[in-house]
Amino acid sequence: TGMDDPFTYGAMHTAIDGETMKVVWQVMVEGNMDLCATDYEGNYSFATCYNSEAGVTLEQMMGADQDWLYVFNLKAIAAAVAAGKGIKIGDSPAPVIDARGGDNEFVQRIPVAKSPHGVNISPDGKYACVAGKLSPTVTVVEISRLAAVFEGTMKPLDTVVAEPEVGLGPLHTAFDGKGNAYTSIFIDSVMTKWNIAKAIAQKNGEKVDPILEKVDV
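Small disclaimer: the values here were computed from a predicted structure and weren't measured.

1. Concerning the overall build of the chain
Then step 1. Across its full length, the chain holds four helices and 15 strands.
Then step 2. Against the compact-globule benchmark of 17 Å for 217 residues, the chain has a radius of gyration of 18 Å, which places it among compact chains.
Then step 3. Taking the contacts inside the chain whose residues are at least 6 apart along the sequence as the reference set, 49% of them involve residues at least 24 apart.
Then step 4. By element, 53% of the accessible surface of the chain is carried by carbon and sulfur atoms, the whole surface being about 11,000 Å².
Then step 5. Seen as two clouds, the 17 positive and the 28 negative side-chain charges of the chain have centres 4 Å apart.

Here it is as structure tokens:
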């Protein structure tokens with residue numbers, strides 16, 4: 001419909017068969033996406049959305065105080081594709097599920113820290129940790145709660161169990177398997193070590209500091 005209306009734009013989340021390297025399906029959403037990850041049980045794929053505003057200038061893209069973690073329901077998408085519900089775009093043979101316009105059976109939008117960049121899954125598979133590049137926080141999402149969100153019995157925001165302040169410009173998080181997380185911070189130029197359980201306790205009102213150490217890099 002032309003380039004003048006940003007609300008007609010779409011961004012694609014693409015699934016590729018690892019053996020054949022062919023595109024299996026695509027899901028179209030409205031906001032630009034950055035990094036992706038999956039859970040360890042084959043239920044969900046995650047992508048950070050840094051432009052929930054659907055802006056076309058830098059100022060517009062940074063307007064909202066929160067953006068989204070897109071959660072893609074892999075089984076629902078696969079079922080829809082198998083049932084022939086995908087559309088075709090251009091000359092691509094890949095079926096496309098149009099999930100724009102709000103939460104639905106295919107995609108849920110979890111509110112997270114502003115302009116999220118990295119999303120990483122903890123080794124125990126319990127948490128998706130989302131770094132807000134323009135916020136000093138990491139948003140911790142409890143993956144086991146997502147089923148209730150897709151069922152409509154829980155609000156997306158209720159999956160957020162911690163929001164530790166790790167420093168200015170968090171990007172990527174790694175883990176040590178002992179309950180600790182390590183987030184790279186690009187503005188403060190540090191590596192921040194923090195404890196997931198303590199971050200959750202702090203969110204629940206306990207007077208604990210989840211930040212264990214910061215190292216200049």
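2. A closer look at the nonpolar core
Then step 1. Counting 17 residues, the largest nonpolar core has Val27, Val29, Tyr70, Phe72, Phe106 and Val107 as its most contacted members.
Then step 2. The set of elements that each furnish at least two residues to this core consists of strand S1 (11-16), strand S2 (23-29), strand S4 (44-49), strand S5 (66-73) and helix H2 (74-82).
Then step 3. With sequence-adjacent residues up to four places away left out, Phe72 is seen in contact with His13, Val27, Val29, Met33, Asn43, Tyr44, Ser45, Ala47, Ile77, Phe106 and Val107.

3. Description of the pattern of salt bridges
Then step 1. Going through the model one piece at a time under the given rule, you end up with five salt bridges.
Then step 2. Residue Asp98 is joined to Arg100 by a salt bridge in which the shortest nitrogen-to-oxygen separation is 2.9 Å.
Then step 3. The exposure class assigned to Asp98 is partly exposed, which follows from its relative accessible area of 36%.
Then step 4. Residue Arg100 is classed as partly exposed on the basis of its relative accessible area of 31%.
Then step 5. In this structure, the salt-bridge partner of Asp103 is Arg109, at a minimum N-O distance of 3.5 Å.
Then step 6. Overall, the relative accessible area of 5% leaves Arg109 in the buried class.
Then step 7. Each member of the salt-bridge network shares a partner with another, and the members are Glu30, Asp103 and Arg109.

4. Points about helix H4 (residues 196-203)
Then step 1. Those residues of H4 that sit buried are Ile196, Ala199, Ile200 and Ala201.
Then step 2. Considering only its buried residues, H4 is in contact with strand S9 (127-132), strand S11 (160-162), strand S12 (170-175), strand S13 (180-185) and strand S14 (190-195).
Then step 3. Near the N-terminus of H4, the side chain that reaches the backbone nitrogen of Ala197, with its oxygen 3.2 Å away, is that of Asn195.

About the cut-offs
- Residues numbered from 1 in each chain as written.
- Predicted model: local features only at pLDDT ≥ 70, side-chain atom pairs only at ≥ 80, totals over all residues.
- Heavy atoms only, no water.
- Helix = DSSP H or I, 4+ residues; strand = E, 2+ residues; numbered from the N terminus.
- Rg over C-alpha atoms; globule rule 2.2 N^0.38 Å.
- Contact = heavy atoms within 4.5 Å.
- Areas by Shrake-Rupley, 256 points an atom, 1.4 Å probe, with all protein chains shown as cover.
- Lys, Arg positive; Asp, Glu negative; His and termini not counted.
- Charge placed at Lys NZ, Arg CZ, Asp CG, Glu CD.
- Core = buried A, V, L, I, M, F, W, Y, C linked by side-chain atoms within 4.5 Å.
- Buried < 20%, exposed > 50% of the residue type's maximum accessible area, 1.4 Å probe, protein only.
- Salt bridge = Lys/Arg side-chain N within 4 Å of Asp/Glu carboxyl O.
- Polar contact = N/O pair within 3.5 Å; in protein donor to acceptor, adjacent residues only side chain to side chain.

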